[in-house]
Amino acid sequence: PATKPTLGPALQGATETKLGLPFGYAKTEAGAGAFAANFAAIGMGLSNLGDKKMLEAFDPNGLVDVPNDSARAACSAGWCSQVTRALGTNVKDWDKDAGTATVDVWIVTVAGRPVEGKQRVPALWQTLTFQIEWQDEDWVALPATSNLGPAPEAPAASNTVATEVVREWLELDQ
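So, a few notes on the structure that sits alongside this text.

About the cut-offs
- Note that residues are indexed from 1 along each chain, following the sequence as it is written.
- A pLDDT threshold of at least 70 governs which residues receive local features in this predicted model, and a stricter bar of 80 or more applies before side-chain atom pairs are shown or counted, although totals over entire chains, interfaces and linings include all residues.
- Side-chain measures were taken over the full set of non-hydrogen atoms in the model, leaving aside hydrogen atoms and water.
- Working definition: helices are DSSP H or I runs of at least four residues, strands are E runs of at least two. Numbering for both runs from the N terminus.
- Contacts are assigned to residue pairs that have any heavy atoms within 4.5 Å of one another.
- The Shrake-Rupley method, run with a 1.4 Å probe sphere, supplies the accessible areas, and residue values consider only the shown protein chains as cover.
- Residues enter a nonpolar core if they are buried and are Ala, Val, Leu, Ile, Met, Phe, Trp, Tyr or Cys, with the set joined through side-chain atoms within 4.5 Å.
- Relative accessibility under 20% of the residue-type maximum defines a buried residue, over 50% an exposed one, and the middle range a partly exposed one, all with a 1.4 Å probe and only protein chains included.
- For salt bridges, the criterion is a side-chain nitrogen of Lys or Arg within 4 Å of an Asp or Glu carboxyl oxygen.

1. Here we look at the overall build of the chain
Moving on, step 1. Counting its regular elements, the chain contains 4 helices and 6 strands.
Moving on, step 2. Restricting the contact set of the chain to residue pairs at least 6 apart, pairs at least 24 apart contribute 52%.
Moving on, step 3. Total accessible area on the chain stands at roughly 11,100 Å², and carbon and sulfur atoms take up 54% of it.

Here you go:
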């Protein structure tokens, strides 16, 4: 049966929520980084959910695309999931007086659905570069650019120690 995708765990850096979404970031370099990371991860999640009211509240500039009906129909034909996580940020061109920053956000998006015998799902590794500015006491995203990578290297077949550590960690999480 199809299930409704979720946004995943709560993200940090905001001081308040509206419609369950984070708002109220500090006008600091750290606040700019937290906003950009959350915008990247949550924006992709809201795009997947297709909730226009939440998307408009979170993204007043309309930067995040909502999937079309045929994409949603393909997903609802069987359970599927898309999860995006921000892995790191790099705040550059920070200008507190002007209330602007450029922030690189390294993200990974994993998408797929369980298929018996299939152990791999596609992952897209990207770096999004956001221009953000301080408006009405919070950060707002302006159009972003996207570049592929960096992506992790495939583990060597002989790297059994790393493989075992990951397996043990995953077992503890269950």
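2. Let's talk about the nonpolar core
Moving on, step 1. Among the nonpolar cores identified, the biggest contains 19 residues, and Phe35, Val103, Val105, Phe130, Ile132 and Trp139 are the most heavily contacted of them.
Moving on, step 2. When contributions to this core are tallied by element, the ones reaching two or more residues are α1 (29–49), β4 (100–112), β5 (123–135) and β6 (138–148).
Moving on, step 3. Tallying contributions element by element places α1 first for this core, with 7 residues.

3. Concerning the pattern of salt bridges
If the charged atoms of two oppositely charged side chains come close together, the side chains can form a pair.
Moving on, step 1. Within this structure, the stated rule accounts for 1 salt bridge.
Moving on, step 2. Asp104 serves as the salt-bridge partner of Lys92, at 3.0 Å between the closest nitrogen and oxygen. In this pair, Lys92 sits in strand β3 (residues 81–95) while Asp104 sits in strand β4, placing the two residues 12 residues apart along the sequence.
Moving on, step 3. The exposure class assigned to Lys92 is partly exposed, which follows from its relative accessible area of 33%.

Scope: geometric values only; no functional claims are made or implied.
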